[in-house]
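Residues per chain are reported as follows:
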Amino acid sequence: MLELIILSLVQGVTEFLPISSSSHLIFISKFLNFTKEDLLMNISLHIGSFLAVLLFFRSEILNFFKYKKIFFLVLIASVPVIILGYFLVKLEIINSLRSIEIIGWTTIIFGILLYFSDKFNIQKKLDQNFDLKSSIVVGIFHAISLIPGVSRSGIAITAARFLGYSRVDSAKISFLISIPTLAAVSLYGILSLYKTNSLVLTQINIYSIILSFIFSYITISLFLNFLKKFDLFLFVIYRIVIGIILLFIAYS
């Protein structure tokens, strides 16, 4: 049960913070010798996060016609990562990117990029300024997050900050893009398991969905409140420290 709680906590917290959920799940499972971090568990954790972001943005979703332009642009922004992800999986390249060395370097490099993007002081607003150009730029950046250590949330926030959006709205853009992305990841995983007759949802998986949902929802709420008062420097420092530790392990 402790292993389940830790995996759910790691997924729920790191999915929406600019620190990379996949890299944390990979090296925590590896160094703690976790046995439950298989495909079905990974899918369950992502489903929990998916449900959390849906609930958090329930007002916007229920008022779809009012926000239909934003949802359409968010859908466009999610296309590059879904297409590239499909080909990386089909060509069996994705697993070769999950090394500790790659995670260490990407954690540092994209942490530094996050730092420079956060220096932009232009205050564009999601509901007023998010357009097709912003959608395409964020979408292209977002596709890079398929490399563990980059962070889906982090790279989307970085792109939005470079485009001049406020910290809070940059985070909201990253959260909204996560909706179709998490849905695609979950659906692809479920179909893969179904084809191999391995889709058996256990009590453990149900618990992981619930716990991931709770931790994800809390993280989204706290992170947005954090960004109203502080910048992203804390996450930059965290990424650099974690990256250095990973590179030390990789090269020692």
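Here the structure is a predicted model, which means the values were calculated and not measured. (Residues numbered from 1 in each chain as written. Predicted model: local features only at pLDDT ≥ 70, side-chain atom pairs only at ≥ 80, totals over all residues. Heavy atoms only, no water.)

1. Some remarks on the overall build of the chain
For the record, the criterion: Only DSSP runs of H or I reaching four residues or more are called helices, and only runs of E reaching two or more are called strands; each is numbered from the N terminus. Here the globule rule is a power law, 2.2 Å times the number of residues to the power 0.38, and the radius of gyration is based on C-alpha atoms. The buried label goes to any residue with under 20% of its type's maximum accessible area, the exposed label to any with over 50%, and the partly exposed label to all in between, with areas taken from a 1.4 Å probe on protein chains only. In what follows, residue pairs with any heavy atoms lying within 4.5 Å of each other are defined as contacts. Two residue types count as positive, namely Lys and Arg, and two as negative, namely Asp and Glu; His and chain ends fall outside the count. Throughout, a charge is located at the NZ atom of Lys, the CZ atom of Arg, the CG atom of Asp or the CD atom of Glu.
When helices and strands are counted, the chain shows twelve helices and zero strands. Taken from N to C terminus, the helices and strands of the chain fall in the order α-α-α-α-α-α-α-α-α-α-α-α. Taken against the 2.2 N^0.38 rule, which gives 18 Å for 252 residues, the C-alpha radius of gyration of the chain at 17 Å falls within 12% of a compact globule. When the backbone C-alpha atoms are referred to their principal axes, the chain occupies close to 45 × 45 × 35 Å. Out of the 252 residues in the chain, the part that is buried amounts to 49%. Taking the intrachain contacts of the chain between residues at least 6 apart in sequence as the baseline, contacts between residues at least 24 apart amount to 85%. Each charge class in the chain can be summarised by its mean position, and for the 20 positive and 12 negative side chains these summaries are 7 Å apart.

2. Here we look at helix α11 (residues 203–227)
Put simply, the rule reads: One less than the number of residues in a helix, times 1.5 Å, gives the span that helix is expected to have.
Under the 1.5 Å per step criterion, the end-to-end length of α11 is 36 Å for 25 residues, consistent within 8% with the ideal 36 Å. Of all the positions in α11, only Asn205, Ser208, Ile209, Leu211, Ser212, Ser216, Thr219, Ile220, Phe223, Leu224 and Leu227 are classed as buried.

3. Remarks on the packing of aromatic side chains
To keep it simple, the criterion reads: Only centres within 6.5 Å qualify two rings of Phe, Tyr or Trp (six-membered ring in Trp) as a pair; their planes then separate them into stacked at under 30 degrees, edge-to-face at over 60, and tilted for everything else.
All chains considered together, the criterion is met by twelve aromatic pairs. With a centroid separation of 5.3 Å and an interplanar angle of 75 degrees, the aromatic rings of Phe56 and Phe57 are classed as edge-to-face. In textbook terms, an aromatic cluster arises when at least three aromatic residues are bridged by ring pairs, as seen for Phe16, Phe175, Phe223, Phe226, Phe230 and Phe235.

4. Remarks on the side chain of Thr106
We count it as follows: Side-chain atoms alone can form a polar contact between residues adjacent in sequence; in general such a contact is a pair of N or O atoms within 3.5 Å, and within protein one must be able to donate a hydrogen while the other accepts it.
Along the chain, Thr106 falls in helix α6 (residues 100–117). Thr106 gets classed as buried once you look at its relative accessible area, which sits at 9%. A distance of 3.1 Å separates a polar atom in the side chain of Thr106 from the backbone oxygen of Ile103. Side-chain polar atoms of Thr106 contact the backbone oxygen of Pro148, separated by 2.8 Å. In contact with Thr106, not counting residues within four places along its chain, are Gly111, Ile147, Pro148, Gly149, Val150 and Arg239.

5. Side note on the environment of Leu182
For Leu182, the position within the fold is in helix α10 (residues 167–195). Separated by 176 residues in sequence, Leu182 and Ile6 have C-alpha atoms that sit 20 Å apart. Each residue touching Leu182, except ones within four places of it in the same chain, is listed here: Glu15, Phe16, His46, Ser49, Phe50 and Arg152.

6. Structural notes on the confidence of the model for the chain
Condition: pLDDT expresses, on a scale from 0 to 100, how confident the predictor is about each individual residue.
Averaged over the chain, the pLDDT score is 87; the fraction of residues at 70 or greater is 93%. Taking the mean pLDDT of every element in the chain, the minimum, 73, falls on helix α2 (residues 21–31) and the maximum, 96, on helix α8 (residues 132–143).

7. Remarks on the pattern of salt bridges
Threshold: Here, a salt bridge means any side-chain nitrogen of Lys or Arg that lies within 4 Å of a carboxyl oxygen of Asp or Glu.
For the structure shown, the criterion picks out three salt bridges. Here Arg152 makes a salt bridge to Glu15, at a shortest N to O gap of 2.9 Å. Remark: Glu15 occurs in the loop between α1 (2–14) and α2 and Arg152 occurs in helix α9 (residues 152–162); sequence separation between them is 137 residues. The exposure classification of Arg152 matches that of Glu15, with both residues buried. Arg161 is the salt-bridge partner of Asp118, the closest N and O atoms lying 3.1 Å from each other. Of this pair, Asp118 sits in the loop between α6 and α7 (126–129) while Arg161 sits in helix α9, and the two are 43 residues apart along the sequence. Of the two residues, Asp118 and Arg161, both sit in the buried class. Linked by salt bridges that have partners in common, Asp118, Arg161 and Arg167 make up one network.

8. Some thoughts on the nonpolar core
Worth spelling out the cut-off: Nonpolar cores were defined as sets of buried Ala, Val, Leu, Ile, Met, Phe, Trp, Tyr and Cys residues, with membership established by side-chain atoms within 4.5 Å.
Of all hydrophobic cores here, the largest spans 36 residues; its most connected members are Ile173, Phe175, Leu176 and Phe223. Of all the secondary-structure elements, those providing two or more residues to this core are α3 (39–56), α5 (68–90), α9, α10, α11 and α12 (233–251). Not counting chain neighbours up to four residues away, the residues in contact with Leu176 comprise Phe57, Ile70, Phe71, Val74 and Leu126.

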